[in-house]
Amino acid sequence: MNQHFIKITIMIILSILIGQKSYGQIVDFNNENPYKRVFVETDNFGISYLEVLEDSYKKVKSDTIKYDMLNDLAYYWHTRNLTKALKFAKEGLRLTGSSNNTLWEGRFQITQGAILLRMEKLDSAYTILEDAKIKVKEADKAFLYTQLGYVFERRGQLDR
């Protein structure tokens, strides 16, 4: 019985230490750039990554970093839970709409389009993606056109 208690205690302590380490790998509020993007600045990607983002994005002072985190949250959830992903995309659209940030509004629309595409809401995805074209930078358009391509593919319009 005593040995079992010791094993459980060690597992709890290790879980806490590992959790703190992964949190620090993603978000560090003491750093000038507090967010380390997955697949760019960190390789830490799992369910804990999404949990850390969800807990952290509201605490970030910079709107740009907050939008970046929230957009990643929406996009990376779209492979796991479409309803949750759409919730985060809509939150980003609400925030960017209230701050009149059309660039980030367009980026959230691209993510929302990707989510709607996976939900098979092709007409809505198409409309939102078309609207985003005039809002985003040229560098964002490759992702936008990829999503539009998927809309056409699912509609059977391969020539488009």
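All of these numbers come straight from a predicted model, not from anything done at the bench.

*Asks:* What exactly am I supposed to notice about the overall build of the chain here?
*Replies:* Secondary structure summary: the chain contains 7 helices and 0 strands in total. Start at the N end of the chain and walk to the C end: the helices and strands fall as α-α-α-α-α-α-α. Going through the 160 residues of the chain one by one, you find that 41% of them count as buried. Just so you have it, the chain exposes about 9,600 Å², and 54% of that area is on carbon and sulfur atoms.

*Asks:* So what exactly am I meant to see when it comes to the pattern of salt bridges here?
*Replies:* Think of it this way: side chains of opposite charge can pair up when their charged atoms draw near. For the coordinates displayed, the defined rule picks out 9 salt bridges. Between Arg155 and Asp123 there is a salt bridge whose closest N-O contact spans 2.8 Å. Of this pair, Arg155 sits in helix 7 (residues 141-155) while Asp123 sits in helix 6 (residues 122-132), and the two are 32 residues apart along the sequence. Since its relative accessible area comes to 29%, Arg155 is described here as partly exposed. For Asp123, a relative accessible area of 57% gives the class exposed.

*Asks:* What should I look at first to understand the environment of Gly92 in this one?
*Replies:* Looking at the element boundaries, Gly92 is found in helix 4 (residues 82-98). Sequence-wise, Gly92 and Ala74 are 18 residues apart; in three dimensions their C-alpha atoms are separated by 8.6 Å. When neighbours within four sequence positions are excluded, Gly92 is seen to be in contact with Leu70 and Phe108.

*Asks:* What is the right way to look at the packing of aromatic side chains in this model?
*Replies:* Two measures describe an aromatic ring pair: the distance that separates the ring centres and the angle between the ring planes. Applying the stated rule across the entire model yields 6 aromatic pairs. Here Tyr67 and Trp104 contribute two aromatic rings whose centre-to-centre distance is 6.0 Å and whose plane-to-plane angle is 50 degrees, an arrangement assigned as tilted. Here Trp104 lies in helix 5 (residues 102-118) and Tyr67 lies in helix 3 (residues 63-77), a separation of 37 residues in the sequence. Of the two residues, Tyr67 and Trp104, both sit in the buried class. Between the aromatic rings of Tyr75 and Tyr76, the centroid separation amounts to 5.7 Å while the plane-to-plane angle is 70 degrees, which identifies the pairing as edge-to-face. Using a relative accessible area of 26% as the deciding quantity, one classes Tyr75 as partly exposed. Among the aromatic residues, ring-to-ring pairing joins Tyr67, Trp104 and Phe108 into one connected group. Positioned above the aromatic ring of Phe88 is the side chain of Lys87, whose terminal nitrogen or guanidinium carbon lies 4.7 Å from the ring centre. Arg107 extends its terminal NZ or CZ atom over the ring of Trp104, reaching a point 4.7 Å from the ring centre.

*Asks:* I'm lost on the packing of helix 3 against helix 4 in this one. Help?
*Replies:* Any two packed helices are characterised by the angle at which their axes cross and by the distance between the axes. Close contact between helix 3 and helix 4 brings their axes to 7 Å; oriented N to C, the two are set at 155 degrees. Relative to helix 4, the element helix 3 lies roughly antiparallel. For helix 3 against helix 4, the interelement crossing comes out left-handed. Across the interface between the two elements, Lys66, Tyr67, Leu70, Leu73, Ala74 and Trp77 of helix 3 pack against Leu82, Lys84, Ala85, Phe88, Ala89, Glu91, Gly92, Leu95 and Thr96 of helix 4. In the contact of helix 3 with helix 4, the residues fall into 10 nonpolar, 2 polar and 3 charged.

*Asks:* Please explain helix 3 as it appears in this structure.
*Replies:* One full turn of an α-helix is made of 3.6 residues, so residues set three or four places apart face in the same direction. The terminal C-alpha atoms of helix 3 lie 21 Å apart, and with 15 residues this matches the ideal 21 Å at 1.5 Å per residue to within 8%. Counting buried positions over the 15 residues of helix 3 gives 12, a clear majority of the element. Inspection of helix 3 places Ile65, Lys66, Tyr67, Asp68, Met69, Leu70, Asn71, Asp72, Leu73, Ala74, Tyr76 and Trp77 among the buried residues, and these make up the whole buried set.

Thresholds applied
- Every chain begins its residue count from 1, and numbering advances along the sequence as written.
- Predicted model: local features are reported for residues with pLDDT of at least 70 only, side-chain atom pairs are reported and counted for 80 or more only, and whole-chain, interface and lining totals are derived from all residues.
- Calculated side-chain values reflect all of the structure's heavy atoms, with hydrogen atoms and water omitted.
- Each helix is a run of DSSP H or I of at least 4 residues and each strand a run of E of at least 2, with the numbering of both proceeding from the N terminus.
- Categorising residues by exposure relies on relative accessible area from a 1.4 Å probe, with only protein chains included: less than 20% of the type maximum marks a residue as buried, more than 50% marks it as exposed, and the intermediate range marks it as partly exposed.
- Note on areas: Shrake-Rupley, 1.4 Å probe, and residue coverage restricted to the protein chains presented here.
- Salt bridge, as used here, is a side-chain nitrogen of Lys or Arg placed within 4 Å of a carboxyl oxygen of Asp or Glu.
- What makes two residues a contact is simply this: any of their non-hydrogen atoms within 4.5 Å.
- Working definition: rings of Phe, Tyr and Trp (its six-membered ring) pair if their centres are within 6.5 Å, and the pair is stacked with planes under 30 degrees apart, edge-to-face with planes over 60 apart, and tilted otherwise.
- Throughout this description, the term charge over a ring refers to an Arg CZ or Lys NZ atom that lies within 6 Å of the ring centre and within 35 degrees of the ring normal.
- Helix axes are fitted only over the stretch in contact, all axes being lines through C-alpha atoms; the angle between N-to-C directions runs from 0 to 180 degrees.
- An angle below 35 degrees is treated as roughly parallel, one above 145 as roughly antiparallel, one from 65 to 115 as roughly perpendicular, and anything else as oblique.
- We call a crossing left-handed when the near helix sits turned anticlockwise from the far one by less than a right angle, and right-handed when that turn is clockwise.
- Note on residue categories: nonpolar means Ala, Val, Leu, Ile, Met, Phe, Trp, Tyr, Cys or Pro, charged means Asp, Glu, Lys or Arg, and polar means any other residue, Gly included.
- How far a helix is expected to stretch is found by multiplying one less than its residue total by 1.5 Å.

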